[in-house]
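Here's the letter readout for the chains.
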Amino acid sequence: MSKMMKIILIGFVIYLAATALILAIYQADPDNMSWQERETFNLKQIGRLDLGIPKEDIIRLLGSPDISEAKSTATGEEVLVLFYRTHHVKSDGITTRDECTPLLFKNGSLIAWGADAYQDYQDF
C-alpha cells in the first residue's frame, strides 16, 4: 500500500471517529434552533412520546411550549395543554394554535396529544 493511501485511510478513520464522538455527545437544544429546525425536532420527538410521561420530562425534552392553557375540571383535576409548533401555516412571525400540536396533561401526566385530543379538552 502506498504512503498516500495510508494517509488517506488514516484521515478517513479519524474523520469517522470524530463524527461518532460528536453524534454520541451532542444534545439538541430546542431553545437554540431556528423555527424551521424546531418544527422538525418537535414533530419527530412528539412522534416518539408515550402516554403517562410527566410534564417535566416533556419540557426537558422539547423546551418551553409555544402556547399553554390550563383549567380545572368539575371534579377538581388539573388539565394542562402545552402547544408545540410542528408545522408552518402562515409567514407572519406569530406562532398560532393551528401551527402547533397540543399535548394534554392531567394531574401532571401526558394523557393525549393532537387536534382531536384538544377538541375533547375543550369539552371538559
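Please refer to the structure higher up on the page.
Numbers given for residues are sequential positions, taken from 1 along each chain in its written order. Predicted model: local features are reported for residues with pLDDT of at least 70 only, side-chain atom pairs are reported and counted for 80 or more only, and whole-chain, interface and lining totals are derived from all residues. Excluded from the side-chain calculation are hydrogens and water; included are all heavy atoms of the structure.

K.L.:
So what about helix H1 (residues 3–25)? Which residues, and what values?
P.N.:
For the purposes of this entry, the term helix denotes a DSSP run of H or I that reaches at least four residues, the term strand denotes a run of E that reaches at least two, and both are numbered from the N terminus. Multiplying 1.5 Å by the residue count of a helix minus one yields the expected span of that helix. The first and last C-alpha atoms of H1 sit 33 Å apart over 23 residues, in line with the 33 Å expected at 1.5 Å per residue. To sort residues, take the accessible area from a 1.4 Å probe on protein chains only and compare it with the maximum for the residue type: under 20% means buried, over 50% means exposed, and anything in between is partly exposed. Burial analysis of H1 places just 0 of its 23 residues in the buried class, which makes it a mostly uncovered element.

K.L.:
Quick rundown of helix H2 (residues 35–46)? Include the residues and the values.
P.N.:
Its 12 residues place the ends of H2 16 Å apart at the C-alpha level, agreeing with the 16 Å of an ideal helix rising 1.5 Å per residue. Within the span of H2, buried status applies to Arg38, Glu39, Phe41, Asn42, Gln45 and Ile46. Close packing links the buried residues of H2 with helix H3 (55–62), strand S2 (78–85), strand S3 (100–106) and strand S4 (109–113). Between two residues, a contact is recorded if the distance between any of their heavy atoms is within 4.5 Å.

K.L.:
Tell me about the environment of Glu56, residues and numbers included.
P.N.:
Structurally, Glu56 is set in helix H3. What makes Glu56 partly exposed here is its relative accessible area of 46%. Taking the C-alpha atoms as reference points, Glu56 and Ala74, separated by 18 residues in sequence, lie 25 Å from one another.

K.L.:
I'd like a rundown of the pairing of S4, residues and numbers included.
P.N.:
Sheet analysis places S3 next to S4, joined by 4 bridges and oriented antiparallel. Counted as the bridge partner of Leu104 is Ala112 from S4. If DSSP finds at least two bridges between two strands, the strands pair. In sequence, S3 turns back onto S4 through a hairpin of 2 residues, with Asn107 there showing a positive phi of about 50 degrees.

K.L.:
Help me get a handle on the nonpolar core, residues and values and all.
P.N.:
Think of a nonpolar core as a cluster: buried Ala, Val, Leu, Ile, Met, Phe, Trp, Tyr and Cys residues, connected wherever their side-chain atoms sit within 4.5 Å. Counting 12 residues, the largest nonpolar core is built from Met33, Phe41, Ile46, Leu49, Ile53, Ile58, Leu62, Leu82, Tyr84, Leu103, Phe105 and Leu110. Elements represented by at least two residues in this core include exactly H2, H3, S2 and S3. Grouped together as the second largest cluster of nonpolar side chains are 9 residues, Val79, Cys100, Leu104 and Tyr121 included.

K.L.:
Before we move on, can you summarise the packing of aromatic side chains with the specific residues and values?
P.N.:
For Phe, Tyr and Trp, rings pair up if their centres lie within 6.5 Å, where Trp contributes its six-membered ring, and each pair is then called stacked (planes under 30 degrees apart), edge-to-face (over 60) or tilted (otherwise). Under the counting rule described, the total for this entry stands at 2 aromatic pairs. Note on Phe83 and Tyr118: the rings are 5.1 Å apart at their centroids and 75 degrees apart in plane angle, and the pair reads as edge-to-face. On the criterion of sequence distance, the pair formed by Phe83 in strand S2 and Tyr118 in helix H4 (residues 115–122) is long-range, its members being 35 residues apart. What makes Phe83 buried here is its relative accessible area of 1%.

K.L.:
Which residues make up the pattern of salt bridges, and what values do they have?
P.N.:
For salt bridges, the criterion is a side-chain nitrogen of Lys or Arg within 4 Å of an Asp or Glu carboxyl oxygen. Across all of its chains, the model carries 5 salt bridges by this definition. Ionic pairing is found between Asp57 and Arg60, a salt bridge with its closest N-O pair at 2.7 Å. Note that Asp57 and Arg60 are positioned in helix H3 at a spacing of 3 residues, about one turn of the helix. Of the residues examined, Asp57 reaches a relative accessible area of 33% and is grouped as partly exposed. According to the relative accessible area criterion, Arg60 is exposed, its value standing at 63%.

K.L.:
I'd like to hear about the pairing of S3, residue by residue, with values.
P.N.:
The element S3 is largely enclosed, with a buried count of 6 among its 7 residues. Sheet topology places S2 next to S3; 7 bridges connect them, and they run antiparallel. Counted as the bridge partner of Leu82 is Leu103 from S3.

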